[in-house]
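# What the coordinates show
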Amino acid sequence: MKLRYIVTSFLFVTAMTLGGCVNEFLSIYPEDKITSANFPENEADIKMLLNGTYALLRENSVYDQGLFGFGVLDGATPNAYNWGNTPIAKAGNGQLRSSDQQMITFRWTRPYSIIFRTNFLIQSIESVDLNEQAKSMYLGEAHFLRGLAYAVLADTYGGVPIVNGILSADSARSVRRASVEDTWRQVVDDYDVAIANLDVDAPEVGRATKGAALGMKMRAYLYQNNYEEVLAVIEQLEALKKYGLFPSYEGLFNAENENNMEVIFDVQYMVGENSQGSLHDQYCGTGTGSWTRGSRYVPTDDLVDAYETVNGAPVDPSNPFEGRDPRLYFTVVLPGSYILGHRFPDYLYPGGAFNHPGNRLKHLSCRKYRVDDESALPPSGQSYINNIVLRYADVILSKAEAIIETGGNIDEAIDLINQIRTGRDDVKISLLPLGLTQAEARQRLRHERRIEFALEGLYWSDIRRWNMGDELYPLQIKDHNGDVIETKFPDGYLDFYNLLPIPDSELSLNENLTQNPGW
């Protein structure tokens, strides 16, 4: 059963707003209303606060936000084309401005909302009568969630203000940015508290575990290219003996297999009218589902061309989609394949993506994270498929990368990559040879990460941390007729895009905030 992250936001608004005035106004608080004077009072209230913080992980709009993954972030990479003039698209083609909103502001305001809620939660835990086991669990989860939030901020903007207490409005307008090193250190510190306090198994599906905290700590070090620490954390994670590859790559992204042995942490969604589902299937689908507009984020030919053949032979130009890596078929809807019972793209679905005048890439669509059963399509905005934030395949490939980059045993790293290529029942492709050089192994590792996590929203961070934009751009995007419809970074990659700009709206509120270079 999926964990329901349900809470009334007003409780938080009231508590946070009145928090600084408790002593002064205690005598006049009405006893039949929830205020910071009488909330939280018990463990049920603490759990309500916690669930309200988990709820902020959900991207129930998804459109142009991309907080913890989903294919929308691939719209800022060579993996996907976005036919809308949105900030994620602009981030991928060199047209972004600090005055743009959506992605730029969302990746700032949503993490800080999580941080403020966890700060209030951590403070509240100390004031409520809890047994030590419960206190430890709630503290661990709060620090885990705060670590997630700071990690998004550090990855997106670099150094940001570190706020680990309840701020007044005046204080919030004067905080300064910490260094990127200190911001990442805060991330790791929060994960360490979570690791020390959480159990291997969660009390409910969807809540944080010791393994989730270790896995996200691994990613924090990976995104800093701190490979020695990556290896040390993976050793602790492997010692839990809990995770492994799920036998089916295709099945990983089906609702019936959610929370399987490969999923280390995911964001829970469910059908419901109270913002408990997502729009992901509608913005990244064929347009034949619960919402016919669809296909705003479309896989590119560049991504399709990156998939190898099963036996390593050259692609047959006369049959370009035959004999390819099975992950291609599980990730992309290709010409001639079927989705929701329709042959793609040879049908004209009324009002659908194929007909939409904005969608000029009509020969490809996303399959991953899609419901492929017309009888089970969720209502608009209520897709129930979870967003996988971290899975065990990432641990395997992170370990391989760390071995390569620390000058370790290259053959050991290649063996790990080959686990990804042959370790599932439905993915069996040619083994990489042993005896590669470090440079050759690095190239194969980066290619494998791109393919394994295609349309999962990780490639944007990988490109930036590898500082490889110059190798990828300019990149032409062509339509089904072979005509160029867009060139990403037409004059070459702009290195300052490795960090997003601090939102102009935030700079206008705080003269102590400084903008990232280049913006």
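Note that the structure is predicted; figures quoted are calculated from it, not measured.

## With respect to the packing of helix α14 (residues 392–405) against helix α15 (residues 410–422)
Contact geometry for α14 and α15: axes closest at 8 Å, N-to-C directions at 160 degrees. Classed by the angle they form, the pair α14 and α15 counts as roughly antiparallel. The hand of the α14/α15 crossing is left-handed. Residues Ala393, Ile396, Leu397, Lys399, Ala400, Ile403 and Ile404 of α14 form the contact with α15, whose participating residues are Ile410, Glu412, Ala413, Leu416, Ile417, Gln419 and Ile420. For the contact of α14 with α15, a count of residues per class yields eleven nonpolar, one polar and two charged.

## Here we look at the confidence of the model for the protein
Scored by pLDDT, the protein has a mean of 86; 85% of the residues are at 70 or more. Across residues 4–33 the pLDDT falls below 50, and counting only partners more than four positions away or on other chains, this stretch makes 44 contacts in the model. The model gives residues 288–294 a pLDDT under 50, and that stretch makes 33 contacts with residues more than four places away or in other chains.

## Considering the pairing of strand β9 (residues 475–478)
Side chains Leu475 and Ile477 of β9 all project onto a buried face; the interleaved residues Gln476 and Lys478 project onto a face where none is buried. As paired strands, β9 and strand β10 (residues 484–488) are joined by four bridges and run antiparallel to one another. If you follow glutamine 476 over to β10, its bridge partner there is threonine 487.

## Side note on the packing of aromatic side chains
Taken as a whole and judged by the stated rule, the model has 15 aromatic pairs. When the ring of phenylalanine 144 is compared with that of tyrosine 191, the centres are 6.0 Å apart and the planes differ by 45 degrees; the resulting orientation is tilted. Of this pair, phenylalanine 144 sits in helix α6 (residues 132–157) while tyrosine 191 sits in helix α8 (residues 180–197), placing them 47 residues apart in sequence. Here the two residues phenylalanine 144 and tyrosine 191 agree in accessibility, since each one is buried. An aromatic cluster is defined as three or more aromatic residues linked by ring pairs; in this entry it consists of Tyr473, Phe489, Tyr493, Phe496, Tyr497 and Trp519. Against the face of tryptophan 460 rests arginine 464, its NZ or CZ located 3.7 Å from the ring centre.

## Digging into the packing of helix α16 (residues 438–452) against helix α17 (residues 459–466)
Packing of α16 against α17 leaves a shortest axis separation of 10 Å and a crossing angle of 160 degrees. Here α16 is positioned roughly antiparallel relative to α17, judged by the angle of their axes. For the crossing formed where α16 meets α17, the hand is left-handed. Residues Leu445, Arg446, Arg449 and Arg450 of α16 form the contact with α17, whose participating residues are Tyr459, Asp462, Arg465 and Trp466. Tallied by class, residues from the contact of α16 with α17 come to three nonpolar, no polar and five charged.

## Examining the pattern of salt bridges
In this structure the tally under the stated criterion is 31 salt bridges. The shortest N-O distance in the salt bridge between arginine 464 and aspartate 155 comes to 3.0 Å. Remark: aspartate 155 occurs in helix α6 and arginine 464 occurs in helix α17; sequence separation between them is 309 residues. As far as burial versus exposure is concerned, arginine 464 and aspartate 155 are alike and both buried. Between arginine 421 and glutamate 448 there is a salt bridge; the shortest N-O distance is 2.9 Å. You can see arginine 421 sitting in helix α15 and its partner glutamate 448 sitting in helix α16, a full 27 residues away along the chain. Each member of the pair, arginine 421 as well as glutamate 448, carries the same accessibility label: buried.

## Points about unusual backbone geometry
In this model, tyrosine 473 is joined to proline 474 through a cis peptide bond whose omega is 0 degrees. Its place among the elements puts proline 474 in the loop between α18 (469–472) and β9. We note that leucine 455 has phi near 65 degrees; this positive angle belongs to a residue other than glycine. Along the chain, the position of leucine 455 falls in the loop between α16 and α17. Classification of leucine 455 as buried rests on a relative accessible area of 4%. A positive phi angle, close to 55 degrees, is found at asparagine 467, a residue other than glycine. By secondary structure assignment, the location of asparagine 467 is in the loop between α17 and α18. With relative accessibility at 49%, the residue asparagine 467 sits in the partly exposed group.

## A short note on helix α10 (residues 227–239)
With 13 residues, α10 extends 19 Å from end C-alpha to end C-alpha; this agrees with the ideal 18 Å at 1.5 Å per step. All of the buried residues along α10 are Tyr227, Val230, Val233, Ile234 and Leu237. In a view along the axis of α10, the buried residues occupy a sector of 115 degrees, so they form one face of it. For α10, the exposed residues lying more than 90 degrees away from the buried face are Glu228, Glu235 and Ala239. Buried residues belonging to α10 abut α9 (210–222), β2 (263–267), α14 and α17. Within two residues after α10, lysine 241 carries a phi angle of roughly 55 degrees, on the positive side.

Rules of the game
- Residues numbered from 1 in each chain as written.
- Predicted model: local features only at pLDDT ≥ 70, side-chain atom pairs only at ≥ 80, totals over all residues.
- Heavy atoms only, no water.
- Axes fitted to C-alpha atoms, helices over the stretch in contact; angles between N-to-C directions.
- Helix = DSSP H or I, 4+ residues; strand = E, 2+ residues; numbered from the N terminus.
- Parallel < 35°, antiparallel > 145°, perpendicular 65-115°, else oblique.
- Left-handed = near helix turned anticlockwise from the far one by under 90°.
- Contact = heavy atoms within 4.5 Å.
- Nonpolar A, V, L, I, M, F, W, Y, C, P; charged D, E, K, R; others polar.
- pLDDT = per-residue confidence, 0-100.
- Buried < 20%, exposed > 50% of the residue type's maximum accessible area, 1.4 Å probe, protein only.
- Pairing = 2+ DSSP bridges.
- Phe/Tyr/Trp six-rings, centres within 6.5 Å; stacked < 30°, edge-to-face > 60°.
- Lys NZ or Arg CZ within 6 Å of the ring centre and 35° of its normal.
- Salt bridge = Lys/Arg side-chain N within 4 Å of Asp/Glu carboxyl O.
- Expected span 1.5 Å × (residues − 1).
- Arc of directions from axis to C-beta.

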